[in-house]
Every structure is written in C-alpha cells, then in structure tokens.
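Report on the structure
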Amino acid sequence: MKRREFVLSNAAFLLQARTIKDNLIIRSDSPADFETPVQLLDKGWITSNDAHYVRSHLSVPNVELNNWNLTVEGEVNRPLKLTMRDIRGFQEVTRTVTLECSGNGRAFADPPVAGLQWEKGAVGTARWTGIPLRDVLMKAQVQPNAKHVILNGADMPIRAVPDFVRSIPIEKAMHPDTILAYRMNGAALPVLHGFPLRLIVPGWEAAASTKWIVNIQISEAEASGFFMQTAYRIPNRPIAPGTLVDPKDTIPYTALSVKSIFTSPLDGAMVPMGSSIQLRGFAWAGEADITQVDVSTDAGSTWNIAVLDNDKARYTWRRFRYLWKPPAAKSFVVMSRATDSQGRTQPMVASWNPSGYLYNVADKIQINVKG
Amino acid sequence: MSKVDLAIFWLTCAFSNMAFGQVPPAGIAQKMQATCTQVCHGASLIAQQRLDVAGWTREVNKMVGWGAEIAGSDREELIRYLAGQFNNTRPRPSSSHAAPDGKARDVFQTSCLGCHDAMPIARLKTDRAGWARTVERMVNWGAHIPSGRKEELIEYLLTSFAQ
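Criteria and cut-off values
- Residues numbered from 1 in each chain as written.
- Chains lettered and ligands numbered in written order.
- Predicted model: local features only at pLDDT ≥ 70, side-chain atom pairs only at ≥ 80, totals over all residues.
- pLDDT = per-residue confidence, 0-100.
- Helix = DSSP H or I, 4+ residues; strand = E, 2+ residues; numbered from the N terminus.
- Pairing = 2+ DSSP bridges.
- Domains from an automatic or database assignment.
- Contact = placed C-beta atoms within 7 Å.
- Nonpolar A, V, L, I, M, F, W, Y, C, P; charged D, E, K, R; others polar.
- Axes fitted to C-alpha atoms, helices over the stretch in contact; angles between N-to-C directions.
- Parallel < 35°, antiparallel > 145°, perpendicular 65-115°, else oblique.
- Left-handed = near helix turned anticlockwise from the far one by under 90°.

1. Section: the confidence of the model for chain B
Residue and element names in this part refer to chain B. Predicted confidence across chain B gives a mean pLDDT of 83, with 80% of residues reaching 70 or more. Across chain B, helix α9 (residues 150-160) holds the top mean pLDDT of 97, while helix α1 (residues 3-14) sits lowest at 34. For this predicted complex, the interface score ipTM comes out at 0.90, alongside a pTM of 0.92.

So this is what it looks like as structure tokens:
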C-alpha cells in the first residue's frame, strides 16, 4: 500500500470510529465495546452503521485489504486461499438480521456479575450483504467427517490472553442464511464491525458472528479455547442467584431468547394528563418469529395486545406499538412481554447465571403522568 | 499519563464525594496503570463492575492467568481496594432513563447515566469549577465525552442540578 493510501485509510478509520463513539455508550474504549442508546434504536427498524452497537474481545485490527486473505483448511479436499476479488466472485446475497450480544442486560443481574455492563442496547438490526458461507465450504469440498467450522479473525491477543476463536456446527455453517458479509446497510463493512469480512450467523447470539475473519478451519471437534469451552456457556440446570458453577456443568448456547424492550418513552418520562402516548419498542426471538407482544400499564396485572409493524424478515426484530391514554395523574409501571412462534414467552422474573447471559425478563419502565 | 499526573489524579479522587473516593494503597495505582489500564483495557472496564471480594478475586486471578503481572504480595491489597471501591453499593447505569431537557442531554445520558444513575449527580451540589473537575475525573475513569462537547455538558450539569 502506498503511503498516501495508508494515511487516507487510517484517517477514514479514525473518523469512522470517532463518529460511532460519539453516538454510543462507551462500555470499554479498548477493546471497543459500545452500546446503542435506546433513543437511537427508536429511530427505525434498521439500525444505522453509526448507531449499531459494537462488541470486540481484543484490539481492533487495521486490516489492509491488499494483504488480506481468507484461508480455508482442515477437513477439506481443496484448501483455499481467497482474496476479496475471489470472495466477490461468489453469488451475492443480502440478509437482514438482528444481532444481540448475549450479555445484553447484564447490568440488571442481581447479584451483579463481572463483565461489560450492557443495559438494553447491545442489539441492532442491519442489512448484511455478502456470500453464503456454504458456497465457500462447498468449493473447498468439506469431508464427510467434518462436524464444526472454526473461525478466527485478524484480532490478536496480547500476553497470555486467549485468542478469540469460536466455532459453529457444520449444519448451521451450511445453512444458506449463514453468510460471510462485506457490506453493512449498503456501505463497506466498517472496521469496527469486522472489515473486510465477517460472519453473520442469523438468530444466534452474536459472539458466533466472528469479525475480521482470516481463517476457517473445518474440524471434527468444536474450537478448544477459552471462548468456546469456558465463556459463552450457561449452567446445565437452574441455579439459585449467586451460585458458582463449574465449567463442566455448563452447556454452550446458540439461538437467542425471546425478548422485548421499550424504546419510547424513556424510563421515568413525565407526560401530561389528558393526551395519548405511544408506547413502542422492539421484540425479537432469534431463530423464531415474534407472534405477539403484550403491554401492561398496571405493573403486569392486566395485558393488552400491541400492534406489530409490517417491517419484518426471517431473523429480525418487530417494532411494537401500543397507544395509551393514562387514566390518572400518577406514576404507572408499564411492561412489555413478547411471545414467539416456538411458544416461548418472556419470564416475569429474571433467571440468573454467573455470566449474565441471555437476560430476557419482561421489560419495565415507569411513566409519570402530571395533571 | 506521567506518575506525577497519576498522583494528582488519585489525589483529586480522594477529595471526591462520589464513587471513587479512596486513594488506593501505595504503589497500587502505578501497578494498576502499568498492568491493567495502559496495557490490556481502559479504566472504565474496572469502574463499571460491582463485585464483592470473591468476585474481584476471581477476576484478578483470571487476569493474572492471562499475563497480568501482579505480585502475590500485591494481589490481596489490590483486591481489597477494588472490592472496596467497585462493589454493589455503587449506583447502576441508567442510560435509558429520562433526563432534564437541555442541549447536552444526550451526552449526559450516554456519558454519565451509561455508568451510574443520576443520584450521585443530584447529590453533588457544586459550582462550575466543581462540575468541571468532576467531569475531568470521570474522563480519567474512562468516560467518553463527544468531541468538543465537554463545556456543553458542564453547562448542562450546572443548569440541571442547581447548586
């Protein structure tokens, strides 16, 4: 890369990162972990690139496209070394997908648990454009004994920090909706979101959607490192809050839970008596579809069916709305509770696990009505 | 940040009546900087935790396993400091909470309420210089203020949370 190109690409990265940082809640500056305020989620069904939450485990790598390759190896007949030009030669597809960090809501865990203290906004929906992962795997001629696809990005650990390496089962990897994405909402994939290439595993917790991919290993066994065998696992049985669990008594989880959050009005909002207000938010359910969202304006005593917007896709959230005219000048506890096509409904009491994963209790806000 | 700057920073913290009130044990500040916040992650990752001694022990041991260089003799002191400062008595984040109208309301919600609720702010009756010092302290603990909006935030705090 020429010096001028290098300077320009770095300047563009810094400008892009600065814009994103200025919009979001900085849970961690480095590694880059930024949360979307619900006020920005409220702006639309699609989350803009500048507003989409960012999750990283290691320092963000500055990948030079000229030197970038994707290697595919392991249990294959034809190991591959692909350039971006090769990648662009496959059939292009676009999938609209809601991604959620499995720790979204960790800040509400009681007792508190260690980790990034995400509130409600480690979730977002974007149009991801790229190629089906299975097309690459088929070109590599995956052998019959292959059971897992291990993905590694260009992000590198320091000292003895484990590398962020994850794997997905071959069945999910071969699903036509699992893609290698190089565009986000029509624009080149932003560096913070995995430039030049990232995986999108629709419906699954977002740690499966590896960013900055450089290597794909086809294997009989799943990835062996910390981020597969210790992290991103939940207890294999219900436990009392605060209970420690040995890693051998945990299981990996994959698909997201059913969940909803309010995006407007905000918790603690003051509204005038006599006018109607629209209670709205989003509901999602990983690989399942949202079938209904109920809203309660009396702390869960009674429930009303909210209207779902028409915007939807196979793996996305649905916007819900409920028009409500407060009957008195006082404080109200308003709740949302989603149900999905698998018959799952958000719980009224949060289940606790030692890492604060998959928090999905019915959402609750307070609205103060003044006379 | 030089050692002198760091000493001033901790000294400033000592006079705060907010969450970060206690000067860390001698040498721990430098060791935290050298081992944790300058190498692997920012200070905000520490400041947002709410753990007891057992929880901090697990975290510190994990970090040592990942290469953080903390001598055995320092480890107990560090854990005691962390558990004393960053525990469950700290207010929780409340970034999706309504806030008073004002030009910097969005900054207040993301940069301030993203880490703790408004209670410690409402309690802190101070003047412009006091708010400026407080904002600076929070920046030292990893708070990100969008480019060129620090003065807006100070004005918002002064207006919204009267002396």
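2. Remarks on the sheet that holds strand β15 (residues 259-264) of chain A
All names here are of chain A. Read from one edge of the open sheet, four strands run β15-β17-β21-β20, paired in antiparallel fashion. In the strand order of this sheet, the two ends are held by β15 and β20 (307-308), each with one partner. Direction of pairing for β20 relative to strand β21 (residues 318-324): antiparallel, over a ladder of two bridges. Looking across to β21, one finds that L308 is bridged to F320.

3. Re the domain arrangement of chain A
All names here are of chain A. The assigned domain composition of chain A is domain 1 (58-252) and domain 2 (259-370). Spacing between the C-alpha centres of domain 1 and domain 2 amounts to 30 Å. The partner domain 2 presents 18 residues to the 23 residues of domain 1 that form the contact. Residue assignment for the side of domain 1 that touches domain 2 shows that the elements contributing at least two residues are β5 (93-100) and β13 (233-235). Top contributing element to the side of domain 1 that touches domain 2 by residue count: β5, with three residues. In terms of residue class, the side of domain 1 that touches domain 2 is built from eleven nonpolar, nine polar and three charged.

4. With respect to the pairing of strand β3 (residues 70-74) of chain A
Residues and elements named next belong to chain A. Examined bridge by bridge, β3 and strand β4 (residues 80-82) share three bridges and lie antiparallel to one another. Looking across to β4, one finds that T71 is bridged to K81. Connecting β3 to the antiparallel partner β4 that follows it, the hairpin turn spans five residues. The sheet contact formed by β3 and strand β12 (residues 213-219) spans four bridges and is parallel. Note on β12: the bridge partner recorded for E73 is Q217.

5. Regarding the packing of helix α4 (residues 53-65) of chain B against helix α5 (residues 72-85) of chain B
Residue and element names in this part refer to chain B. It is at 9 Å that the axes of α4 and α5 come closest, and there the two elements cross at 130°. As judged from the angle between their axes, α4 and α5 are oblique. When you trace α4 past α5, the crossing you get is right-handed. When α4 is examined against α5, the residues V53, W56, T57 and V60 are found in contact with a partner set consisting of R75, L78, I79, L82 and A83. Class assignment of the residues belonging to the contact of α4 with α5 gives a composition of seven nonpolar, one polar and one charged.

6. Things to note about the environment of A:V149
Residue and element names in this part refer to chain A. Relative to the assigned elements, V149 resides in strand β7 (residues 148-153). Taking the C-alpha atoms as reference points, V149 and S264, separated by 115 residues in sequence, lie 40 Å from one another. In this structure, V149 is in contact with S167, I168, I170, A173, I216 and I218, ignoring residues within four places of it in sequence.

7. What about the interface of chain B and chain A?
Contact with chain B, which involves 28 residues of that partner, is made by 29 residues of chain A. The set of elements that each furnish at least two residues to the side of chain B that touches chain A consists of α3 (43-47), α4 and α6 (105-112) of chain B. In terms of residue count, α4(B) provides more of the side of chain B that touches chain A than any other element does, three residues in total. For the side of chain B that touches chain A, the class distribution of residues is seven nonpolar, 18 polar and three charged.

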